[in-house]
Amino acid sequence: MVEHVVDSWRPLAAVLISAVAIALIVASHRRPNVREAWSVLASVGKFAIVASMLPGVLDGTEYRWSLGMVPGLDSEFVFGVEFALRADALGMLFALLASFLWIFTAFYSAGYMRGLDEPNQTRFFASFAASLSAAIGIAFAENLVTIFVFYELLSVATYPLVAHDETNEARAAGRKYLAYTFFGGGFLVLAGTALVFVLTEPSTTTFGATAADLAEADPALARAAFGLLAAGFGVKAGLMPLHSWLPDAMVAPTPVSGLLHAVAVVKSGAFGVARVVLEVFEPDLVGDLGVGLALAAVAAFTLTAASIIALRADRLKRRLAFSTVSQLSYIVLGLGLAGPAAVAGSGTKTVIIGGLLHIPAHAFMKLTLFFCAGFIHVETHTDYISEMDGIGKRMPLTMAAFAVAAAGMAGIPLVAGFVSKWFMLIGAVEANQAIFAVVLLISGVLNIAYFWPIVYGAFFESHDDADSKPLVEFPLGGRASGGASAGEPEAVADGGAADDAHDDDAAATDEHQEGGHHDTADHEHAGHAVHSDDQHEDHDHHGGPPPGGWERAGWTGAEGSWLMLGPILAIVAGAVVLGVVPYQAVFLELIEVIAGGGVG
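Criteria and cut-off values
Residues numbered from 1 in each chain as written. Predicted model: local features only at pLDDT ≥ 70, side-chain atom pairs only at ≥ 80, totals over all residues. Heavy atoms only, no water. Phe/Tyr/Trp six-rings, centres within 6.5 Å; stacked < 30°, edge-to-face > 60°. Helix = DSSP H or I, 4+ residues; strand = E, 2+ residues; numbered from the N terminus. Buried < 20%, exposed > 50% of the residue type's maximum accessible area, 1.4 Å probe, protein only. Lys NZ or Arg CZ within 6 Å of the ring centre and 35° of its normal. Core = buried A, V, L, I, M, F, W, Y, C linked by side-chain atoms within 4.5 Å. Contact = heavy atoms within 4.5 Å. Pairing = 2+ DSSP bridges. Axes fitted to C-alpha atoms, helices over the stretch in contact; angles between N-to-C directions. Expected span 1.5 Å × (residues − 1). Parallel < 35°, antiparallel > 145°, perpendicular 65-115°, else oblique. Nonpolar A, V, L, I, M, F, W, Y, C, P; charged D, E, K, R; others polar.

Caption draft 1: Geometry of the packing of aromatic side chains. The tally for this structure, following the rule as stated, stands at 21 aromatic pairs. Look at Trp452 and Tyr456: their rings are 5.6 Å apart centre to centre, the planes differ by 45 degrees, and that puts the pair in the tilted class. With Trp452 and Tyr456 both in helix α20 (residues 434-460) and 4 residues apart, this pair spans about one turn of that helix. Residue Tyr456 is classed as partly exposed on the basis of its relative accessible area of 27%. Taken together, the ring pairs in this structure connect Phe47, Phe100, Phe104, Phe364 and Phe587 into an aromatic cluster. When the ring centre of Tyr151 is taken as origin, the NZ or CZ atom of Lys236, which lies over that ring, is 3.7 Å away.

Caption draft 2: Structural detail: the nonpolar core. One finds Leu101, Phe140, Phe281, Leu356 and Phe402 to be the most contacted residues of the largest nonpolar core, which totals 186 residues. Here the element with the most residues in this core is helix α16 (residues 348-380); it accounts for 19 residues. Setting aside its immediate chain neighbours within four residues, Phe402 contacts Leu316, Leu369, Cys372, Phe451, Ile454 and Val455.

Caption draft 3: Expanded view of the sheet that holds strand β1 (residues 4-7). Here 3 strands make up an open sheet; going across it, the order is β1-β2-β5 and the pairing mixed. The open sheet has two free edges, formed respectively by β1 and β5 (84-87), since each of these has just one partner strand. Within this sheet the neighbouring strands show an average axis-to-axis angle of 25 degrees, counted without direction. Where strand β2 (residues 61-66) meets β5, 4 bridges bridge the pair, whose relative direction is antiparallel. Its bridge partner being in β5, Arg64 is matched across the sheet by Arg86.

Caption draft 4: Broad picture of helix α19 (residues 416-430). In a regular helix each residue adds 1.5 Å, so 15 residues correspond to 21 Å; α19 covers 22 Å between its end C-alpha atoms and thus fits that length. Its buried side turned inward, α19 meets α14 (316-336), α16, α18 (396-409), α20 and α22 (562-580). The positive-phi residue at the C-terminal boundary of α19 is Asn432, with phi of around 65 degrees.

Caption draft 5: Spatial organisation of the packing of helix α11 (residues 254-281) against α16. Closest axis-to-axis distance for the α11/α16 pair is 8 Å, and the angle between their directions is 170 degrees. The angle between α11 and α16 falls in the class roughly antiparallel. In this structure, α11 uses Thr254, Pro255, Ser257, Gly258, Leu259, Ala262, Val263, Lys267, Ala274 and Leu278 to contact α16, whose residues at the interface are Ile352, Leu356, Ile359, His362, Ala363, Lys366, Leu367, Phe370, Phe371 and Gly374. Across the contact of α11 with α16, the residue classes tally to 13 nonpolar, 5 polar and 2 charged.

Caption draft 6: Region of the structure containing unusual backbone geometry. Along the chain, Glu201 connects to Pro202 via a cis peptide bond; the corresponding omega equals 0 degrees. Take Pro202: it is sitting in the loop between α7 (168-199) and α8 (211-216). Following Met240, the chain continues to Pro241 via a peptide bond in cis, the omega torsion being 10 degrees. Of note, Pro241 is situated in the loop between α9 (219-236) and α10 (245-248). Even without a glycine there, the phi angle at Asn120 is positive, about 55 degrees. Relative to the helices and strands, Asn120 is located in the loop between α4 (89-115) and α5 (121-140). On the basis of relative accessible area, Asn120 is assigned to the partly exposed category, the value being 34%. With a phi angle near 80 degrees, Val586 is a residue other than glycine that sits in the positive phi range. Within the element layout of this structure, Val586 appears in the loop between α22 and α23 (587-598). For Val586, a relative accessible area of 24% puts it in the partly exposed group.

As structure tokens, this is what we get:
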């Protein structure tokens, strides 16, 4: 519970430190080592400021900054609403995660961008820093108006990262990203915020101060406010049918796909849903209005459908993208079940813990997977699963890390994903919602179905003698046995035929202009004018195994730069720690504070 609130400049400092780094990064554009050093220093400094508030937050202290603390300024922002930041338990969960993982991403990004000799590197690092400022602003926002401002700033700051390659495909993905997240999601959040403001008396949007008034308001209007806010934040969380920007945004460089599309951007959406369920409406009112069950149903459909679509994606980053859509819905499912659990009088705390714990669990695991995909591309220019048989010999540590993270995504014990899914599974049963427990189990099987062929092929097959895999080598699987590179016709890959369910989702990414030297999901396949991933007919590129098969690199780290390999191993180790000793890893302790009454 909150014992007291203290005025502090630290929440603002946590937001501004990476904003200051933007100027230093731009000023150092002619000195790459200095430029990248500013990114590392800013990431370490941001984490240090956030972590300095953790002991107090765990003891019930909240740290608050408002515009009125600046001499000569008034706290009021608009219509009596303050522009204020508050470091509470829920905000600390998101801020601690994003700032901690930025440290490793800063090193990885330097290795990735140098390894591919990327253009516009200064703009990349500056935009990255701006994105982290916005993400921490979202974490510490005290009210819906403040979170809306940072929510929109995050979309603007990340647009240059999505469109980084400046190809037609990248620009199209960037426009779609803005259309969905800035205009669509932003409009919905703003409309929901305005409705909450009107329905409360006195009018307010402060977290933890609205539920009582919303309970007295017209139920239809209260449900409308919840729906607008859940949909607005659900855009960034990838809830179907608002998800299609996310797979297309995989055109961005892998560090962007990793931290921003597995941690900061998509988690800002899930975090927004958490604020709405836990602090704007609170679980009891969510249950009374019946909106929690509807939210849980949308999440259950999304996590199942996205897993099925992932089965047919041959491009590795695209498979990971649909996996992200699926896994984010675990978080929303846990939060949505808080309402029915509150009505049933059992399981509320359990499902909240499960949903919130999946925020860091998914972040560690998915960041590992994306970083592995990027490292594979940098070292071998290979981006298609159908070309990765035997690659475990060439990159054993990388693929071992991939295997561990994939196991966690499927809910295998001793990795982070098991703990969060266990809480959700038990909580769903306690809340008398066993159907959602069944959905969770089915989703785990689907996770195994689309991850196991990658791991098995990497370590136990070679490209020349790969055997048939029934789970993936029929039309839903994405390729025919042997693959085109073996001289046989290929089945339809990612996008499928025009009548496939996700054809519209695949359109922007699956037909594109080439000419870059990194994958498309990271802009690969240089030297070909046009490549359709749906048909996947043109394999005459420099990816895949060399003549004679993959060379054995051994387990000593000879597979590539330690600037990239080091962060991969560190992050996957974090996923294991979170799976073995979750309480000692701080995140579970923090979440128990939230679920036990630290919110609201």
